[in-house]
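Residues per chain, in single letters:
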Amino acid sequence: MAPQTGTRPNLLVIMSDDHAAHAISGYGSKVNTTPNIDRIAAAGVRFDNCFCTNSICTPSRATILTGEYNHVNGVRTLFDDLDNTRAQVQAELQTVGYQTAIVGKWHLGHGPGHDPAGFDYWRVLPGQGEYHDPVLLGPDGPQQHTGYVTDIITDLSLEWLERREPDRPFLLMVNHKAPHRSWEPDSKHRHLYPEGTIPEPPTFDDELAGRSRALDPLRMSMADLSEHDLKGPVPEGLTAQQERSWRYQRYLADYLRCVASVDDNVGRVLDWLDEHGLTASTLVVYTSDQGFFLGDHGWYDKRLMYEESLRMPFLASYPPLTSPGTNCQDIVTNVDFAPTLLELAGAPLPGRFQGHSMVDSLAGREPAHRQTDVYYRYWEHLSDPHRVPAHLGVRTDRYKLICYLDGTAAETSSEVELYDLSDPSEVDNVYADPAYADVAADLIGLLRRRQLELGDTDLVTVDR
């Protein structure tokens, strides 16, 4: 049940792009601080087991809006557009009187069949958009804005809040481009993280022993970062190890500088709510469309089912419901976001939803539907530039099974990994260990059940 507060909450969802949970100090980051994002955690709930079902931008965003897995909503890869006649959370909220707006990254296609629908106001980046002097699209066409994209997205969001109808509840989605590649910081933050000051992750030198051969084509190492990514050529005279470290420092410094701008702008929005007396009546969420490798296992980017990529930050505050400074261990996914917003708004939950409301978890109650595992499927087989194989799997609170495919239509997986998550860095693939034979069999059975229950008709048989 949604909280009985006399009024329905405003819904403010701030979503960045590629912001890993382990680059948020509220999640224990070792590389940066995010004091404003941490304000949401301090005032509410930090979800420690929030996961995406397909770690790539466009599919994750489609899932968040539709409450459906990608094999149902049809957005499986970066190259698929969302059919804007498909039912989405914002349109459902409009039917119960909410005013709705989205500003920033859309990345779900453009044109009459794919532009944002169900929003009273929208101003979005075309495709990935630009960091500096970006063009944003709206119903009236493109408009160029002068300045830095994170500031501009926040400016437009606050302008809409100022002119909204104050007597009606709202949904506002503030979708930041940052810190997506190519990590172009603004001048205010360029001094942060001087070269050599960022600690390397414990698995930076992971030799990937025991991993599936399906990962051989990967192009996600420090060596795969381009001169454009690094903002200059590699210095001469470095050893191979020194070059890896230099590349890491250059890439991650710019990534974290972009995060710092996001954090500043989160603070601007939180301050606005405080100044206008809306904090107590507004659900504030901070999340990202997926996780990201920050040099973990020697990689950058996402897509894979390992924890750094699979895990999403999800911080939420709503004073009538959440208790300050609490941590939630319940397993949730991005399929659950839409039903959560609708329940809080007192709107009917469509039967088509495949996710479950997180309201009980937000309130610290036993969930009416406790999830015990996550079903994951990545479809974009060996696409450039990162060459990640298609794969699927399940994650429970203790184990993870990953099954790699020879293509998106493959029916059998012979390349399999199994991780006991008591090994949190996932460096020991125990699939071939006889001691884990029963665990592997149970997870293979669970994978098949989840495919059948969720209607993923491209069934995969695991070849043992």
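Residues numbered from 1 in each chain as written. Predicted model: local features only at pLDDT ≥ 70, side-chain atom pairs only at ≥ 80, totals over all residues. Heavy atoms only, no water.

Moving on, we get to empty space enclosed by the protein. A full pass over the atoms with the stated rule returns 4 cavities of 30 Å³ or more. Its volume calculated, the largest cavity comes out at about 90 Å³. Around the largest cavity, the lining residues are Val13, Ile64, Met173, Leu283, Val285, Phe314, Ala316, Phe337, Thr340, Leu341 and Leu362. Take the lining of the largest cavity: its biggest share by element is 3 residues, from helix H9 (residues 337–344). Of the residues assigned to the lining of the largest cavity, the class counts are 10 nonpolar, 1 polar and no charged. Estimated volume of the second largest cavity: approximately 70 Å³. Looking at the lining of the second largest cavity, its residues break down into 4 nonpolar, 5 polar and 3 charged. (1 Å grid on protein atoms, 1.4 Å probe; cavity = no way out; pocket = protein on both sides within 12 Å on 5 of 7 lines; lining within 4 Å. Points joined across faces, edges and corners; volume = space filled by probe spheres on them. Helix = DSSP H or I, 4+ residues; strand = E, 2+ residues; numbered from the N terminus. Nonpolar A, V, L, I, M, F, W, Y, C, P; charged D, E, K, R; others polar.)

Across the 6 residues of strand S8 (residues 170–175), 6 count as buried, placing the element largely inside the fold. Alternating residues of S8 divide into Phe170, Leu172 and Val174 and Leu171, Met173 and Asn175, and every residue in both groups is buried. Bridge analysis of strand S1 (residues 10–16) against S8 gives 5 bridges, and the strand direction is parallel. Note on S8: the bridge partner recorded for Leu12 is Leu172. Pairing of strand S4 (residues 99–104) with S8, which is carried by 6 bridges, proceeds in the parallel orientation. In the sheet register, Gly104 faces S8, and the bridge partner there is Asn175. (Buried < 20%, exposed > 50% of the residue type's maximum accessible area, 1.4 Å probe, protein only. Pairing = 2+ DSSP bridges.)

Enumeration over the complete set of coordinates arrives at 17 aromatic pairs. Relative to Tyr306, the ring of Trp299 has its centre 5.7 Å away and its plane inclined at 25°; by these criteria the two rings are stacked. According to the relative accessible area criterion, Trp299 is buried, its value standing at 4%. The exposure class assigned to Tyr306 is buried, which follows from its relative accessible area of 0%. Feature note: the residues Trp183, Tyr251, Tyr255, Phe292 and Tyr300 constitute an aromatic cluster, connected by ring pairs. In this structure, Arg76 packs its charged tip against the face of Trp379, placed 4.1 Å from the ring centre. Note that Arg377 overlies the ring of Trp379, its terminal NZ or CZ placed 4.1 Å from the centroid. (Phe/Tyr/Trp six-rings, centres within 6.5 Å; stacked < 30°, edge-to-face > 60°. Lys NZ or Arg CZ within 6 Å of the ring centre and 35° of its normal.)

Another point: the packing of helix H5 (residues 149–163) against helix H7 (residues 240–275). The contact between H5 and H7 brings their axes to 9 Å, and the two run at 10°. With respect to their mutual orientation, H5 and H7 come out roughly parallel. In the packing of H5 onto H7, the handedness of the crossing is right-handed. Residues Thr150, Asp151, Thr154, Asp155, Leu158, Leu161 and Glu162 of H5 lie in contact with H7, whose contacting residues are Ser261, Val262, Asn265, Arg268, Val269 and Trp272. Its residues assigned to classes, the contact of H5 with H7 comprises 5 nonpolar, 4 polar and 4 charged. (Axes fitted to C-alpha atoms, helices over the stretch in contact; angles between N-to-C directions. Parallel < 35°, antiparallel > 145°, perpendicular 65-115°, else oblique. Left-handed = near helix turned anticlockwise from the far one by under 90°. Contact = heavy atoms within 4.5 Å.)

Examined against the element boundaries, Asp48 turns out to sit in the loop between strand S2 (45–47) and strand S3 (50–51). Within the structure, Asp48 has its side chain in polar contact with the side chain of Arg46 (distance 2.6 Å). Excluding its chain neighbours within four sequence positions, the residues that come into contact with Asp48 are Tyr27, Arg311, Asn327, Cys328 and Gln329. (Polar contact = N/O pair within 3.5 Å; in protein donor to acceptor, adjacent residues only side chain to side chain.)

If you trace the backbone, Leu12 turns up in strand S1. Overall, the relative accessible area of 1% leaves Leu12 in the buried class. With 84 residues separating them in the primary sequence, Leu12 and Val96 have C-alpha atoms 17 Å apart. Ignoring anything within four residues of it in the chain, the contact list for Leu12 reads Leu172, Val174, Val269, Leu273, Thr282, Leu283, Val284 and Val285.

Should the pLDDT be low somewhere, the predicted coordinates at that spot are not to be read in detail. In the predicted model, the protein chain carries a mean pLDDT of 96, and 99% of its residues have values of at least 70. Every residue in residues 1–5 scores below 50 in pLDDT, and together they form 11 contacts with partners more than four places removed in sequence or on other chains. (pLDDT = per-residue confidence, 0-100.)

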